[in-house]
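Coordinate analysis (summary)
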Amino acid sequence: MVGWSGGGPGEQINLCAASAPRRSSPRNPTNSQSFQGIGVCKWFNVRMGFGFLSMTNREGVPLDEPVDVFVHQSKLHMEGFRSLKEGEAVEFTFKKSSKGLESQRVTGPGGIHCVGSERRPKGKKVQKRRSKGDRCYNCGGLDHHAKECKLPPQPKKCHFCQSIDHMVATCPIKAQQSSPGSQGKPSSLKGDKEEHSPSAPPPETSD
């Protein structure tokens, strides 16, 4: 059996402590009678989904000192993400349990929806890299790089036409598409011709 008590956000809840059995107390089932309360949110943990209300009025009677009432997000009357903002005015029904005072239904003043906290739980950000035309050097896939490839090492091939007979630097298909003025000659032949041709004379300069 777990218990809780009032205080700051770091010390109200003791979810691991087991309450000792009461030997002297006779069998007495939990009191399910509901009571009416008015107060404000003392604190609320949006990540864990629980907190405490500070009750200032019970059954229409103002209290000399505020009383802590446990609240869980499932008891909040609101739409969407359920939470409470610190200091938010609330009206609620609550009951006495073996762990203390526990809220049953929490609303805003007059039964309206709770306002809620502006904070949201911080989740892990999943960074998805979008392909920008880069291919995997191992399999040619567009959705990953070679270091992320799940396939075993593949034979080297042209990244343009996927042929294993040549590399992309000497791909005749790429040369034909990228150099329309080359009259369909592969880039390798064009490079050989330039190597054997004499170098062009330097431009003449006028004095």
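These notes cover the structure that comes with them. Remember, predicted model here, so these are calculated numbers, not experimental data. (Residues numbered from 1 in each chain as written. Predicted model: local features only at pLDDT ≥ 70, side-chain atom pairs only at ≥ 80, totals over all residues. Heavy atoms only, no water.)

**Quick word on the layout of surface pockets**
Where empty space is left becomes clear once a probe the size of a water molecule has been rolled over the atoms. One number sums up the size of the second largest pocket: a volume of about 320 Å³. Lining the second largest pocket we find 15 residues, and of these Phe 44, Asn 45, Val 46, Ser 117 and Arg 119 sit closest to its centre. The residue inventory of the lining of the second largest pocket, partitioned by class, reads 6 nonpolar, 2 polar and 7 charged. (1 Å grid on protein atoms, 1.4 Å probe; cavity = no way out; pocket = protein on both sides within 12 Å on 5 of 7 lines; lining within 4 Å. Points joined across faces, edges and corners; volume = space filled by probe spheres on them. Nonpolar A, V, L, I, M, F, W, Y, C, P; charged D, E, K, R; others polar.)

**Focus: the nonpolar core**
Judged by nonpolar contacts, the single largest core of 17 residues is most densely connected at Leu 53, Leu 84, Phe 92 and Val 106. Those residues in contact with Val 106 that lie beyond four places of it in its chain are Leu 53, Val 71, Lys 75, Leu 76, His 77, Val 90, Glu 91, Phe 92 and Cys 114. (Core = buried A, V, L, I, M, F, W, Y, C linked by side-chain atoms within 4.5 Å. Buried < 20%, exposed > 50% of the residue type's maximum accessible area, 1.4 Å probe, protein only. Contact = heavy atoms within 4.5 Å.)

**As for the pairing of strand β5 (residues 61-72)**
In summary, the side chains of a regular strand alternate between the two faces of the sheet. Sheet analysis places strand β4 (residues 50-58) next to β5, joined by 8 bridges and oriented antiparallel. Along β5, the bridge assignment pairs Ser 54 with Asp 68. Following β4, the chain reverses through 2 residues before pairing antiparallel with β5; Glu 59 in that reversal takes a positive phi of roughly 55°. (Pairing = 2+ DSSP bridges. Helix = DSSP H or I, 4+ residues; strand = E, 2+ residues; numbered from the N terminus.)

**A few points about the packing of aromatic side chains**
In total, this model carries 6 aromatic pairs according to the counting rule given. One aromatic cluster is present, built from ring pairs that chain together Trp 43, Phe 50, Phe 52 and Phe 70. A cation over an aromatic ring shows up here: Arg 58 above the ring of Phe 35, its NZ or CZ 4.7 Å from the ring centre. (Phe/Tyr/Trp six-rings, centres within 6.5 Å; stacked < 30°, edge-to-face > 60°. Lys NZ or Arg CZ within 6 Å of the ring centre and 35° of its normal.)

Structural measurements only, silent on function.
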